[in-house]
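# Structural characterization, general
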Amino acid sequence: MKIAEMQGLSHLKAELLDIFSGGGYLKRLRSIDQAFSNLDDELAFIMEHYIEAYGQNGVSISDLAEGYAFFLSENDKEEKYFFEHGKYRYNSLKEVSERVYENAEYMEKYMLGLAVSMILWPQHRKYFRFFSHFIDECYGYNGKYLEVGAGHGLFVSEALRRGDFEAYDILDISEKSLELTKRMTAGYATSKTVRFIHEDFLKYEGGKYDVISIGEVLEHVENPPNFLLKCRDILTTDGRVYLTTCVNAPEIDHIYMFSGVDEVEDMFKTAGLKIMEKLCITYRDYDIARCIRQRLPINLAYVLV
Amino acid sequence: MDIMEKLQDIFRDVFDDDELVLSNETNAEDIEDWDSLAQIRLIVAIEKQFHIKIPAKDWQGLANVGEMAELIRKKINASG
């Protein structure tokens, strides 16, 4: 089925193009148009389904489009701050909790915008495919699955859709994220054992897990090494961790600024976690040296054991 | 060094291209890597170089580098 025949995606595209049609956003318009045009069939099908799921749970296509515009606007402000000051704006959980996680209205718009970026941003699409492949590799590997930081719920939904785990525990420090995720996963959760847990991961006592998904979390915490040690401590002997993080990627609630890829991978070593698979996505496919020199984004995805 | 010369140095640094040559007509369509992130980097470098602050809305709708230089000139004169 072509995108034009997928009502949700077509409608979302039209709304986004309308939002950005004024004010000198010519390149942004073009990149939105291109992103929809080169969406592969499988991702298009998945995103169409999620748009429907959102719709059935009170989130309209306008909400998604406006969320994306808001997300970009907030991102632009953080990028400017980063290039002006050479650091992320906030560096404590307290600051971002007050500004973001405890602000339900902000969180909803921001999370919806982040969800739309899964369709539009090449690096997020690559993450999603890497995750889908990881879940496929886990198929038949029954056990307990833990998602740390549910966010917008797309990855959790994918784990529920593709995976075959005996139990799914979904943990987030933000009640709004959990609420969004519950809505997103309502269709899958009925046939599986799913718990939604509002808790700080470092304080969480839930036993051992066979698969831990910790996507885009490390840059949101004050002490990433402690997070990694906790991952290692609650992972079963043959367990696996899916983990993504980023370098030079300012967002409103990013508080830990990694100096480079080496710092990330040294932390894994210190925590006793070994890299089984790795995906490194640099901004515009520039080489890593240029990204470090010019403080440009590097997105990283790993499978750890 | 005049404004266009300084702008050229900034553009060469941001786009990592020592051969880049600007004209008044140069715009984002002429430089493939000139996306929204590059635009932010240009703005930050320009504001730092010329010791000015330009509201975000003033940057939108600029058609080319010539209009950019003119905006910078006006801001320098206004703050002078």
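The notes below deal with the structure included here. The structure displayed is predicted, hence computed values, not measured ones. (Residues numbered from 1 in each chain as written. Chains lettered and ligands numbered in written order. Predicted model: local features only at pLDDT ≥ 70, side-chain atom pairs only at ≥ 80, totals over all residues. Heavy atoms only, no water.)

## What about the overall build of chain A?
Across its full length, chain A holds 12 helices and seven strands. Relative to the 2.2 N^0.38 estimate, which gives 19 Å for 305 residues, the radius of gyration of chain A is 19 Å and therefore close to what a compact globule would have. Considering chain A as a whole, with its 305 residues, one finds that 58% of them fall into the buried category. If you take every contact in chain A between residues at least 6 apart in sequence, the share linking residues at least 24 apart comes to 77%. (Helix = DSSP H or I, 4+ residues; strand = E, 2+ residues; numbered from the N terminus. Rg over C-alpha atoms; globule rule 2.2 N^0.38 Å. Buried < 20%, exposed > 50% of the residue type's maximum accessible area, 1.4 Å probe, protein only. Contact = heavy atoms within 4.5 Å.)

## Here we look at the nonpolar core
Residue and element names in this part refer to chain A. Membership of the largest hydrophobic core comes to 70 residues, with the highest contact counts inside it found for Leu9, Leu12, Leu16, Met47, Tyr68 and Leu120. By residue number, the principal contributor to this core is helix H6 (residues 104-120), which donates 11 residues. With sequence-adjacent residues up to four places away left out, leucine 120 is seen in contact with Leu16, Ile32, Ala35, Phe36 and Tyr68. (Core = buried A, V, L, I, M, F, W, Y, C linked by side-chain atoms within 4.5 Å.)

## Some remarks on the packing of aromatic side chains
Residues and elements named next belong to chain A. Tallied over the full model, the rule gives 26 aromatic pairs over all chains. Arranged with centres 6.4 Å apart and planes meeting at 75°, the rings of phenylalanine 20 and tyrosine 68 form a pair that is edge-to-face. Residue phenylalanine 20 is located in the loop between helix H1 (7-19) and helix H2 (26-37), and its partner tyrosine 68 is located in helix H4 (residues 61-85); the two are separated by 48 residues in the primary sequence. As far as burial versus exposure is concerned, phenylalanine 20 and tyrosine 68 are alike and both buried. On the numbers, 5.5 Å between centres and 85° between planes, the contact of tyrosine 283 with tyrosine 286 is edge-to-face. Judged by relative accessible area, tyrosine 283 falls into the buried class, the value being 12%. Three or more aromatic residues joined by ring pairs make a cluster, and in this case those are Phe20, Tyr68, Phe70, Phe71, Tyr106, Tyr110 and Trp121. Directly above the ring of phenylalanine 201 sits lysine 230, whose terminal nitrogen or CZ lies 5.8 Å from the centroid. The positively charged end of arginine 295 is found above the aromatic ring belonging to phenylalanine 82, 5.5 Å away from the centroid. (Phe/Tyr/Trp six-rings, centres within 6.5 Å; stacked < 30°, edge-to-face > 60°. Lys NZ or Arg CZ within 6 Å of the ring centre and 35° of its normal.)

## A short note on the pattern of salt bridges
Residue and element names in this part refer to chain A. Applying the stated criterion across every chain yields a total of 30 salt bridges over all chains. Here aspartate 169 ties to arginine 195 by a salt bridge, and the two come within 2.9 Å at their closest N and O atoms. With aspartate 169 in strand E2 (residues 167-172) and arginine 195 in strand E3 (residues 194-198), this residue pair connects regions lying 26 residues apart in the sequence. The exposure class of aspartate 169 is buried, given its relative accessible area of 3%. Among the residues examined, arginine 195 registers a relative accessible area of 43% and is labelled partly exposed. Among the ionic pairs, aspartate 266 bridges to lysine 269, the shortest N-O distance being 3.8 Å. Here aspartate 266 pairs with lysine 269, and both are found in helix H11 (residues 261-270), just three residues apart, close to one helical turn. On the basis of relative accessibility, which here comes to 64%, the residue lysine 269 falls in the exposed class. A network of salt bridges, in which partner residues are shared, links Glu42, Asp136, Glu158, Arg161 and Arg162. (Salt bridge = Lys/Arg side-chain N within 4 Å of Asp/Glu carboxyl O.)

## Observations concerning the interface of chain B and chain A
Buried accessible area, meaning the area lost when the parts come together, often serves as the stated size of an interface. Contacts between the two partners involve 22 residues from chain B, matched on the other side by 20 residues from chain A. Across the chain B/chain A interface, buried area totals approximately 1700 Å², and carbon plus sulfur atoms make up 46% of it. Interface area lost by chain B to chain A is led by Leu37, Ile40 and Arg41 of chain B, which between them contribute 31%. Taken together, chain B and chain A are joined by seven salt bridges. In this structure, the connection of chain B to chain A is made through 14 residue pairs in polar contact (both at pLDDT 80 or more). Within the residue set of the side of chain B that touches chain A, elements represented by two or more residues are helix H1 (3-14) and helix H2 (36-50) of chain B. Among the elements that make up the side of chain B that touches chain A, the one with the highest residue count is H2 of chain B (eight residues). Of the residues assigned to the side of chain B that touches chain A, the class counts are 10 nonpolar, three polar and nine charged. (Buried area = accessible area lost by both parts, 1.4 Å probe. Polar contact = N/O pair within 3.5 Å; in protein donor to acceptor, adjacent residues only side chain to side chain. Nonpolar A, V, L, I, M, F, W, Y, C, P; charged D, E, K, R; others polar.)

## Focus on the environment of glutamine 7 of chain A
Residues and elements named next belong to chain A. Position of glutamine 7 among the secondary structure elements: in helix H1. Among the residues examined, glutamine 7 registers a relative accessible area of 67% and is labelled exposed. Between the alpha carbons of glutamine 7 and isoleucine 51 there is a distance of 9.5 Å; along the sequence they are 44 residues apart.

## Observations regarding the sheet that holds E3 of chain A
Residue and element names in this part refer to chain A. Read from one edge of the open sheet, seven strands run E3-E2-E1-E4-E5-E7-E6, paired in mixed fashion. The open sheet has two free edges, formed respectively by E3 and strand E6 (275-282), since each of these has just one partner strand. Within the sheet, the average angular offset between the axes of one strand and its neighbour, ignoring direction, is 10°. By the bridge criterion, five bridges tie E2 to E3 in an arrangement that is parallel. (Pairing = 2+ DSSP bridges. Axes fitted to C-alpha atoms, helices over the stretch in contact; angles between N-to-C directions.)

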